[in-house]
Amino acid sequence: MIATQNLTYEVNGKVLIEDISTVFNVNEINLIIGANGAGKSTLINLLCNQINPTKGSVIYEGLKTQLPSELSKVRAVLSQHIDMAFPLTVHEIVLMGRYPHFSHQPTEKDHQIVKEAMDLFQINAFSNRNYQTLSGGEKQRVHFARVMAQIWPDGKEQTKYLLLDEPLTYLDVYYQFDFMNKIKAIMQLQPMVVIGVLHDLNLASQYANQVLLLENGKVFQSGVPEKVLTKETISKVFDLEPTFFTDSNGKRHLSF
Ligand SMILES: Nc1ncnc2c1ncn2[C@@H]1O[C@H](COP(=O)(O)OP(=O)(O)OP(=O)(O)O)[C@@H](O)[C@H]1O
């Protein structure tokens, strides 16, 4: 699991994250929601050590070492904006996910994992295309394949960590569900902590084991979707009045 203790981050006298103590469990999908500017990306950056807390700590439980070289074999981070300045092929970008695992040349196993990750996210047809020529959604699927190649299930007990900042932004509705379903399927093969930032409250309601609702850098509410995504919390944080209905499969939906 990943735990935070009194996590606080200030910049130029402004508190962006304030006193967050929480736990992100293994084999659970943890989704962070909140209005624009609430601090979601800042929290992800703290969780993956891209920035250091002003106070408090982030603890990866069950890791023998937090050396960056070791951490990168078990933890993958998908940031919100990824620019590629060079005309790399799709295959070259997915292979980047394997860089922490080999020293000079990729092994047969690395090539095999890259192929499987590309198959999984249906990007084999683009393998030799210049990444810069892909559409937004296609690029995003390339990055899914890259991060999953990095932490590909290996049958070992070591927990893997997947941190995603707004992974669904460029995807059409088919690929949004496809991605969430694939994450769930991969979690059956490997102990994994998944933490993601999402804006779609229906997807959060459907897929999250835990929702962390942020407001002004603080946890406004956390827990299972039914506890967090209520009329009261949503109208307070998003200033919108949702209505709820349950479909014939028992899934709870929100509309505005
Ligand atoms: N270096 C900085 N200096 C000052 N303010 C900053 C800095 N970095 C972030 N902020 C502010 O902190 C707040 C939180 O930013 P963050 O990117 O974490 O929000 P977010 O919840 O991810 O928002 P969004 O939904 O719009 O992506 C924002 O108001 C942002 O402008």
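Keep in mind it's a predicted model, so treat the numbers as computed, not measured.

K.L.:
Hey, could you run me through the packing of helix α4 (residues 108-120) against helix α5 (residues 136-150) in this one?
P.N.:
Describing two packed helices takes the angle between their axes plus the distance from one axis to the other. At a minimum axis separation of 9 Å, α4 and α5 run at an interaxial angle of 140 degrees. The angle between α4 and α5 falls in the class oblique. Seen along the crossing, α4 lies across α5 with a hand that is right-handed. Contacts between α4 and α5 pair I113, V114, A117, M118 and L120 from the former with A145, M148 and A149 from the latter. The class makeup of the residues in the contact of α4 with α5 is eight nonpolar, no polar and no charged.

K.L.:
Looking at this structure, how should I read the domain arrangement of the protein?
P.N.:
Often the size quoted for an interface is simply the accessible area lost on bringing the parts together. Domains assigned within the protein are domain 1 (1-62 + 159-256) and domain 2 (82-157). Counting residues at the interface gives 12 residues for domain 1, matched by 12 residues for domain 2. Elements with a minimum of two residues in the side of domain 1 that touches domain 2: β6 (160-165) and α6 (173-187). With four residues, α6 is the largest single contributor of residues to the side of domain 1 that touches domain 2. Residue composition of the side of domain 1 that touches domain 2, grouped by class: eight nonpolar, one polar and three charged.

K.L.:
Before we go on, may I ask you to explain the site of the ligand in this structure?
P.N.:
The ligand sits among V11, N12, K14, L16, G34, N36, G37, A38, G39, K40, S41 and T42. Broken down by secondary-structure element, the contributors of at least two residues to the shell around the ligand are β2 (14-24) and α1 (40-47). A per-element tally of the shell around the ligand places α1 first, with three residues. Here the residues of the shell around the ligand sort into three nonpolar, seven polar and two charged.

K.L.:
In this structure, what is going on with the sheet that holds β6? I would like to understand it.
P.N.:
Strand pairing in a sheet takes place through backbone hydrogen bonds and is either antiparallel or parallel in direction. Taken together, the six strands give an open sheet; going across it, the order is β5-β6-β7-β3-β8-β9, and neighbouring strands pair in mixed fashion. Edge positions in the sheet fall to β5 (75-78) and β9 (218-223), since each of these pairs with one other strand and no more. Each strand of the sheet is rotated relative to its neighbour by a mean of 15 degrees, with strand direction disregarded. Two elements, strand β3 (residues 28-34) and strand β8 (residues 210-215), share five bridges in a ladder whose sense is parallel. Considered in β8, the bridge of G34 is made with L214.

K.L.:
I tried to follow unusual backbone geometry on my own but got confused; where do I start?
P.N.:
Glycine aside, residues mostly have negative phi, and peptide bonds are mostly found in the trans state. In this structure, Q122 is a non-glycine residue whose phi angle is positive, near 50 degrees. Mapped onto the elements, Q122 comes out in the loop between α4 and α5. Assessed through the 13 C-beta atoms surrounding it within 10 Å, Q122 is described here as partly exposed. Of note, the phi angle at D239 is positive, near 60 degrees, even though the residue is not glycine. For D239, the position within the fold is in the loop between α9 (231-238) and β10 (243-246).

K.L.:
Even after reading the chapter, I still don't get the UniProt feature "domain: ABC transporter" (unreviewed entry) in the protein, so can you show me in this structure?
P.N.:
UniProt's entry tags residues 2-241 with the feature "domain: ABC transporter" (unreviewed entry), counted in the numbering of this structure. Between the end C-alpha atoms of residues 2-241 the distance is 33 Å, and the span holds 35% helix and 26% strand.

K.L.:
Sorry, what's going on with the nonpolar core here?
P.N.:
Grouped burial of nonpolar side chains is what soluble globular proteins tend to show. Within the largest apolar cluster, 64 residues are counted, with the highest numbers of intra-cluster contacts made by V94, A117, A145, L162, A204 and V211. Per-element accounting of this core gives the leading share, six residues, to α5. In contact with A145, not counting residues within four places along its chain, are V94, A117, M118, L120, F121 and I123.

K.L.:
Please explain α6 as it appears in this structure.
P.N.:
Turn by turn, an α-helix covers 3.6 residues, leaving residues three or four places apart pointing in a common direction. Given a rise of 1.5 Å per residue, 15 residues ought to cover 21 Å, and the 22 Å separating the end C-alpha atoms of α6 matches this to within 8%. Residues F179, M180 and M187 constitute the buried set of α6. Take α6 and look down its axis: the buried residues cluster within an arc of 90 degrees, on one side only. In α6, the exposed positions angled more than 90 degrees off the buried face are occupied by Y174, N181 and A185. Buried positions along α6 lie against α5, β7 (192-197) and α7 (201-207).

Calculation notes
- Residues numbered from 1 in each chain as written.
- Predicted model: local features only at pLDDT ≥ 70, side-chain atom pairs only at ≥ 80, totals over all residues.
- Axes fitted to C-alpha atoms, helices over the stretch in contact; angles between N-to-C directions.
- Helix = DSSP H or I, 4+ residues; strand = E, 2+ residues; numbered from the N terminus.
- Parallel < 35°, antiparallel > 145°, perpendicular 65-115°, else oblique.
- Left-handed = near helix turned anticlockwise from the far one by under 90°.
- Contact = placed C-beta atoms within 7 Å.
- Nonpolar A, V, L, I, M, F, W, Y, C, P; charged D, E, K, R; others polar.
- Domains from an automatic or database assignment.
- Near = placed C-beta within 6 Å.
- Pairing = 2+ DSSP bridges.
- Buried ≥ 20, exposed ≤ 12 C-beta atoms within 10 Å, placed from the backbone.
- UniProt positions renumbered as here; feature names shortened; annotations may be inferred.
- Core = buried A, V, L, I, M, F, W, Y, C linked by C-beta atoms within 7 Å.
- Expected span 1.5 Å × (residues − 1).
- Arc of directions from axis to C-beta.

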